[in-house]
Amino acid sequence: MEHWWDAAMDRSMHTTAALAAGVFALYVISLHQEVHYSDILIPIMLFAGMNVPDLDTSRFLHHRRTLHGCFALLVLTFLITLAGFNHWELAFYLYLIPVGMGMHIIQDMATASGCTLFYPLSKRKYRYAKLKGHGAGALLVSITLGLVVGWGTAVLYVMGSCPLLALATLCP
């Protein structure tokens, strides 16, 4: 018999992915330059972003719909951009929140429940696997996703900016 908790990604797997990404990013950054105290914000912001999609459990928001899709990601990214931060490092850390949200959504798409990626335009759920949220498959997805995102985060950080940040913050 399948239980509701078998169909959802376990919170510990979201935490594992965020920590794997953050720690690996810090490690890769340390290979290229000195790591600053403020860089501890990398795993913290990824962790914060990983938890944002699960805030949609209130009466007014539908779980795995409202904050588990592209629309929520675009709105959050737009709001961060609107805030008008002109310091690229601060903007970089804030943009890690939608990155964490994206990681959460990718992980949840690996479960039987899937995610409504295009809500409110469509209620269709998308998934690429039917893993249990607390098994070895979920752990493999979490660590792999964390390493890929951590590497990408480190590369963008070491570069000093990226096209999205350059557009958003008007950095040279």
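Rules used in this analysis
- Residues numbered from 1 in each chain as written.
- Predicted model: local features only at pLDDT ≥ 70, side-chain atom pairs only at ≥ 80, totals over all residues.
- Heavy atoms only, no water.
- Helix = DSSP H or I, 4+ residues; strand = E, 2+ residues; numbered from the N terminus.
- Contact = heavy atoms within 4.5 Å.
- Areas by Shrake-Rupley, 256 points an atom, 1.4 Å probe, with all protein chains shown as cover.
- Axes fitted to C-alpha atoms, helices over the stretch in contact; angles between N-to-C directions.
- Left-handed = near helix turned anticlockwise from the far one by under 90°.
- Nonpolar A, V, L, I, M, F, W, Y, C, P; charged D, E, K, R; others polar.
- Buried < 20%, exposed > 50% of the residue type's maximum accessible area, 1.4 Å probe, protein only.
- Phe/Tyr/Trp six-rings, centres within 6.5 Å; stacked < 30°, edge-to-face > 60°.
- Patch = residues over 30% accessible without salt bridge, like charges linked within 9 Å, V, L, I, M, F, W, Y side chains within 5 Å.
- Salt bridge = Lys/Arg side-chain N within 4 Å of Asp/Glu carboxyl O.
- pLDDT = per-residue confidence, 0-100.
- Parallel < 35°, antiparallel > 145°, perpendicular 65-115°, else oblique.

Undergrad: What exactly am I supposed to notice about the overall build of the protein here?
TA: Along its length, the protein carries six helices and zero strands. Along the protein, helices (α) and strands (β) appear in the sequence α-α-α-α-α-α when read from the amino end. Residue pairs at least 24 apart in sequence account for 68% of intrachain contacts in the protein once pairs closer than 6 positions are excluded. Carbon and sulfur atoms make up 71% of the accessible area of the protein, which amounts to about 9,400 Å² in all.

Undergrad: Just checking my understanding: could you explain the packing of helix α1 (residues 11-32) against helix α5 (residues 136-159) for this structure?
TA: When two helices pack together, their arrangement is given by the angle between the helix axes and by the axis-to-axis distance. Packing of α1 against α5 brings their axes to within 7 Å, and their N-to-C directions diverge by 35 degrees. Here α1 and α5 pass one another in a crossing that is right-handed. Of the residues contributing to the contact of α1 with α5, the split by class is 17 nonpolar, six polar and no charged.

Undergrad: Before we go on, may I ask you to explain the environment of Ala48 in this structure?
TA: Relative to the helices and strands, Ala48 resides in helix α2 (residues 41-51). By relative accessible area, which is 32% here, Ala48 ends up partly exposed. A C-alpha to C-alpha distance of 8.7 Å links Ala48 and Leu96, two positions 48 residues apart in sequence.

Undergrad: Looking at this structure, how should I read the packing of aromatic side chains?
TA: The geometry of an aromatic ring pair comes down to the distance between the two centres and the angle between the two planes. The full count for this structure, using the stated rule, is four aromatic pairs. Their ring planes at 70 degrees and their centres at 5.9 Å tell us that Phe92 and Tyr93 sit as a pair that is edge-to-face. For the pair Phe92 and Tyr93, one class covers both residues: buried.

Undergrad: Whenever I open this one, a nonpolar patch on the surface confuses me. Can you help?
TA: On the surface, Phe71, Val75, Phe78, Leu79 and Leu82 cluster together to form a nonpolar patch covering roughly 510 Å² of accessible area. Within the element layout of this structure, Leu79 appears in helix α3 (residues 70-82). According to the relative accessible area criterion, Leu79 is partly exposed, its value standing at 48%.

Undergrad: Looking at this structure, I do not really get unusual backbone geometry. What am I missing?
TA: Trans peptide bonds make up most of the peptide bonds, and negative phi angles are found at most residues other than glycine. A cis amide bond links Tyr119 to the next residue, Pro120, at an omega of 15 degrees. Tracing the backbone shows Pro120 in the loop between α4 (88-108) and α5.

Undergrad: Any chance you could explain the confidence of the model for the protein here in plain terms?
TA: Note: predicted coordinates in regions of low pLDDT should not be interpreted at a detailed level. Overall, the predicted model of the protein reaches an average pLDDT of 77, with 77% of residues at or above 70. Ranking the elements of the protein by mean pLDDT puts helix α6 (residues 163-169) last, at 46, and α2 first, at 89. Under a pLDDT of 50 for its full length, residues 1-7 has, in the predicted model, 11 contacts with residues more than four places off or in other chains. The model gives residues 165-172 a pLDDT under 50, and that stretch makes 12 contacts with residues more than four places away or in other chains.

Undergrad: What is the right way to read the packing of α1 against α2 from this model?
TA: At a minimum axis distance of 8 Å, the contact between α1 and α2 shows a crossing angle of 155 degrees. Viewed along their axes, α1 and α2 adopt a mutual orientation that is roughly antiparallel. Crossing of α1 against α2: the hand is right-handed. Contacts between α1 and α2 involve Arg11, His14, Thr15, Ala17, Ala18, Ala21, Gly22, Ala25, Leu26 and Ile29 from the first element and Ile42, Pro43, Leu46, Phe47, Met50 and Asn51 from the second.

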